[in-house]
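Chain by chain, the residues:
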Amino acid sequence: MDNSQEYAKILVGIDGSEQANDAFKKAIEVARRNNARVIVAHVIENQVYGLWGYSPVNDNLLENESDNGKSLLKQCKEYAESVNYDNIEAVLTYGSAKEVMCHELPEKYRIDLIMVGQSGLNAVERFMMGSVASYIIRNAPCDVLICYPDEKKK
């Protein structure tokens, strides 16, 4: 029996943060070594945190978030092309980032590795929403790789 671990489908979420971008770039290299497919996802939350607490998103905000998500995913595909990697699929979806990244997408795409940045939120956002990365680490149906910032960037 072969004891080497190989991954076929790697999921990484992007939110525009440096941590998520680093995780995406590392996912490309892990995928290259494993001859794996990268599923890069941007999740638009059903609710946003505003001045008065949680509220449903309005059409304008949803359109802006959708445009932003499409732009982030386009940048990811362009980066992958620039490093000669084309086994990538971009997914723009809606819902709870925790549920989508930890349950829905892994089930739909049969993900065997989820890569997450150390934290894409500031302290206040983490307190209000909880860390998506922490949730994934505790509840994922597959292996999770936490990507820490490179020392040279500090």
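Note that the structure is a prediction, hence the values are computed from the model and not measured.

1. With respect to the nonpolar core
Here is step 1: Within the largest apolar cluster, 22 residues are counted, with the highest numbers of intra-cluster contacts made by Ile10, Phe24, Val38 and Val40.
Here is step 2: Only strand E1 (9–13), helix H1 (18–34), strand E2 (37–44), helix H2 (59–82) and strand E6 (113–117) provide two or more residues apiece to this core.
Here is step 3: Sorting elements by how many residues they give to this core places H1 first, with six residues.
Here is step 4: Dropping the residues within four chain positions of it, Ile10 is found in contact with Ala27, Val30, Ala31, Ala36, Arg37, Val38, Ile39, Ile111, Leu113 and Met115.
Here is step 5: By size, the runner-up hydrophobic cluster in this structure holds 18 residues, among which are Val43, Val91, Ala97 and Ile114.

2. Comments concerning the sheet that holds E6
Here is step 1: Ordered in space as E5-E2-E1-E6-E7, the five strands form an open sheet in which the pairing is parallel. Among the strands making up the open sheet, the edge pair consists of strand E5 (88–94) and strand E7 (143–147). Strand-to-strand twist across the sheet, computed as the mean angle between neighbouring axes with direction ignored, equals 25°.
Here is step 2: Relative to E7, E6 runs parallel, the two sharing five bridges. From the neighbouring strand, Val116 faces E7, where its bridge partner is Ile146.
Here is step 3: Set on the sheet, H2 makes contact with E2 and E5; between it and E5 the angle comes to about 170°.

Analysis parameters
- Throughout, residues of each chain are indexed from 1 in the direction in which the sequence is written.
- Totals for whole chains, interfaces and linings use all residues, but because this is a predicted model, local features are given only for residues with pLDDT of at least 70 and pairs of side-chain atoms are given and counted only at 80 or more.
- Side-chain descriptors were evaluated using all non-hydrogen atoms of the structure, hydrogens and water having been removed beforehand.
- In plain words, nonpolar cores are sets of buried Ala, Val, Leu, Ile, Met, Phe, Trp, Tyr and Cys residues tied together by side-chain atoms within 4.5 Å.
- For each residue, the accessible area found with a 1.4 Å probe, counting protein chains only, is set against the maximum for its type, and the residue is called buried under 20%, exposed over 50%, and partly exposed in between.
- Think of it this way: any DSSP run of H or I at least four residues long counts as a helix, any run of E at least two long counts as a strand, and we number them from the N terminus.
- The contact definition used throughout considers only heavy atoms, calling two residues in contact when any of these lie within 4.5 Å.
- At least two bridges found by DSSP between two strands is the condition for calling them paired.
- Fitting a line to C-alpha atoms yields each axis, with helices limited to the stretch in contact; the angle taken between N-to-C directions then spans 0 to 180 degrees.

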